[in-house]
Amino acid sequence: MRAGVIGCGFQGRLHVESLQAVDGVEVVAVCDTDTARLDEVRSTHGVAYGYADYRDLLEKHDLDLVTVCTMPVHHMCMTVDAFATGAHVLCEKPLALDAAEGREMLRAASVAGRMLAIGFNMRFTPNAQIIKRHVDSGILGRPRYTHAWAKSSQIPWWGEHYRKEFSGGGALAATAVHFLDLALWFAGFPRPLTASAGAAQLFPIKRGLTAPDAARAARYNVDDLLSAHLRFEDGFWMTLQGSWIDNIPSDANGSPSWDYSLDAIGETAQAVFDPPSIRGERDGEIIELLPPETVSDVSFPPSVAALIAATVDAIGTGREAPVTGEQALMTQVITDAIYESAAADAEVAIDPSELDWSA
């Protein structure tokens, strides 16, 4: 399998390493507009070809798989162009800037007869895999309510996540969307009905001195504090929090800390993502249903490697993508509705036609 990677930032490097670790996969070419970063990745990982323009990568090589590791502003055009060459695509999350672009990506995949997989790698952490196996066994019963959150004391200045025109949004689109995806995956992707949300930008009042320079501070225009209440079919609902400006104490090494997890309540049991726990009842007593030796593991790079290995396997065997474009479209539709509600300061209904990419 011949692969190309577009984007040589942190995530793109992980993609190159992870693809090279899969038997039968050759990373033929990489692309990045930053030539120094491009050359460093080529040199470190022994990649033969490198390009500053992604169209050269697509045109000069017959690729089986293209992975898109850029900011969301580029996801649609790069994905659609890759499908036009006959390649399968693994695109990083979120799906796109908005659901309209996401539907274009799904239509292009259908026309090309190729797989569109999306990089919601948190599903591939050991914690998520353990919980999903138990959810699928029916131990939680009917899903009723999930509270999910992704809170941090730091703004992710390492990418342009702080520019809405590049990222589609801030603490939700760049971070908490991982836990929106997890919550939907555990609940079986019920159809969304309404969203009611509030959002704020507290930078530079908070974390103002953390900006690397004045130019980046001036371009900052996204939400860094957000919460939403979402209703779904069949009586399921969830709440979601996202933040980059929480006053979480630094860790033992003095590094900024994260607090992210979810709590999923079913009719017969309750699951917590981190540390992993599934608690039920027996004879009126609350009991832990996971083995006592269960260890919490939410390591990020291994989850990316596992997602990539699963995607390669799905392409080779003709199975469904491990994270499908249709699933990512629902997450994007909900994300769009949350931002719409926050801007209007009112609850909004989610039109089911938003989920139909074939129209």
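Conventions adopted
Residues numbered from 1 in each chain as written. Predicted model: local features only at pLDDT ≥ 70, side-chain atom pairs only at ≥ 80, totals over all residues. Heavy atoms only, no water. Phe/Tyr/Trp six-rings, centres within 6.5 Å; stacked < 30°, edge-to-face > 60°. Buried < 20%, exposed > 50% of the residue type's maximum accessible area, 1.4 Å probe, protein only. 1 Å grid on protein atoms, 1.4 Å probe; cavity = no way out; pocket = protein on both sides within 12 Å on 5 of 7 lines; lining within 4 Å. Points joined across faces, edges and corners; volume = space filled by probe spheres on them. Helix = DSSP H or I, 4+ residues; strand = E, 2+ residues; numbered from the N terminus. Nonpolar A, V, L, I, M, F, W, Y, C, P; charged D, E, K, R; others polar. Pairing = 2+ DSSP bridges. Contact = heavy atoms within 4.5 Å. Axes fitted to C-alpha atoms, helices over the stretch in contact; angles between N-to-C directions. Right-handed = clockwise from strand over helix to strand, strands pointing away. Salt bridge = Lys/Arg side-chain N within 4 Å of Asp/Glu carboxyl O. Core = buried A, V, L, I, M, F, W, Y, C linked by side-chain atoms within 4.5 Å.

Asks: Got a minute to help me understand the packing of aromatic side chains in this structure?
Replies: Aromatic ring pairs: the centre-centre distance and the angle between the two ring planes describe each pair. Counted according to the given criterion, the structure contains twelve aromatic pairs. A centroid spacing of 5.3 Å and a plane angle of 50° characterise the contact between Phe232 and Phe236, whose relative ring orientation is tilted. Exposure class is identical for Phe232 and Phe236. Each is buried. Here the aromatic cluster, defined as three or more aromatic residues joined through ring pairs, consists of Trp157, Tyr162, Phe203 and Tyr220.

Asks: Can you help me understand the layout of surface pockets in this one?
Replies: Considering only enclosed or pocket space, the largest pocket measures out at about 1,400 Å³ in volume. Around the largest pocket sit 48 residues that line it, and Gln11, Met71, Trp158, Gly159 and His161 are the ones nearest its centre. Only helix H1 (10-20), helix H3 (54-60), helix H7 (164-167), helix H8 (171-187) and strand S11 (258-266) provide two or more residues apiece to the lining of the largest pocket. Element by element, the count of residues in the lining of the largest pocket is highest for H8, at five residues. A breakdown of the residues in the lining of the largest pocket according to their chemical character gives 25 nonpolar, 15 polar and eight charged. What lines the second largest pocket is a set of 13 residues, and nearest its centre among them are Arg114, Met115, Leu116, Gly325 and Glu326. By residue number, the principal contributor to the lining of the second largest pocket is helix H5 (residues 99-112), which donates three residues. Per-class residue counts for the lining of the second largest pocket are six nonpolar, three polar and four charged.

Asks: What should I look at first to understand the sheet that holds strand S9 (residues 225-232) in this one?
Replies: In any sheet, the strands associate via hydrogen bonds between backbone groups, in a parallel or an antiparallel arrangement. Pairing is mixed in the open sheet, where nine strands are placed in the order S14-S13-S12-S11-S7-S10-S9-S8-S15. Two strands lie at the open edges of the sheet, namely strand S14 (285-288) and strand S15 (348-349), each paired on one side alone. The strands touched by H8 within the sheet are strand S7 (143-152), S9, strand S10 (237-243) and S11, with S10 carrying the most contacts at an inclination of about 155°.

Asks: For this particular structure, what's the right way to read the sheet that holds strand S6 (residues 116-119)?
Replies: Spatially, six strands are ordered S3-S2-S1-S4-S5-S6 in an open sheet, and the strand pairing comes out parallel. The open sheet is flanked by strand S3 (49-51) and S6, the only strands paired with a single partner. This sheet shows a mean twist of 20° between the axes of neighbouring strands, independent of strand direction. Bridge count between strand S2 (residues 26-31) and S3: three bridges; the pairing is parallel. Across the sheet, the residue bridging to Cys31 is Tyr51, located in S3.

Asks: Even after reading the chapter, I still don't get the pairing of strand S1 (residues 2-6), so can you show me in this structure?
Replies: Where a strand is regular, its side chains alternate between the two sheet faces. Burial runs high along S1: four of the five residues are buried. Pairing analysis gives five bridges linking S1 to S2, with the strands arranged parallel. Opposite Ala3, over in S2, you have Val27 as the bridge partner. With H1 bridging S1 and the parallel S2, this β-α-β connection has right-handed handedness. The pairing of S1 with strand S4 (residues 65-68) spans four bridges and is parallel. Looking across to S4, one finds that Ile6 is bridged to Val68.

Asks: Sorry, what's going on with the pattern of salt bridges here?
Replies: Pairing between side chains of opposite charge can happen when the charged atoms of each approach one another. Counting across every chain of the model gives 16 salt bridges. Among the salt bridges present, the one from Arg191 reaches Glu233, with a minimum N-O distance of 3.0 Å. One end of the pair, Arg191, is in the loop between H8 and strand S8 (192-200); the other, Glu233, is in the loop between S9 and S10, and 42 residues separate them in sequence. Between Arg319 and Asp313 there is a salt bridge whose closest N-O contact spans 2.2 Å. For Arg319, a relative accessible area of 48% puts it in the partly exposed group. Accessibility expressed as a relative area gives 33% for Asp313, which makes it partly exposed.

Asks: Sorry, what's going on with the nonpolar core here?
Replies: It is characteristic of soluble globular proteins that their nonpolar side chains tend to be buried jointly. Ranked by size, the top nonpolar core spans 78 residues in total, and within it Leu116, Leu182, Met238, Phe273, Ile334 and Ile338 carry the most contacts. In terms of residue count, H8 provides more of this core than any other element does, twelve residues in total. Excluding residues that lie within four positions of it along the chain, Ile334 makes contacts with Leu180, Leu184, Pro192, Leu230, Phe232 and Ile350. In this structure, Val16, Val25, Val312 and Ile315 belong to the second largest nonpolar core, which totals 24 residues.

So, to be careful, I would describe these as geometric facts and stop short of saying anything about function.
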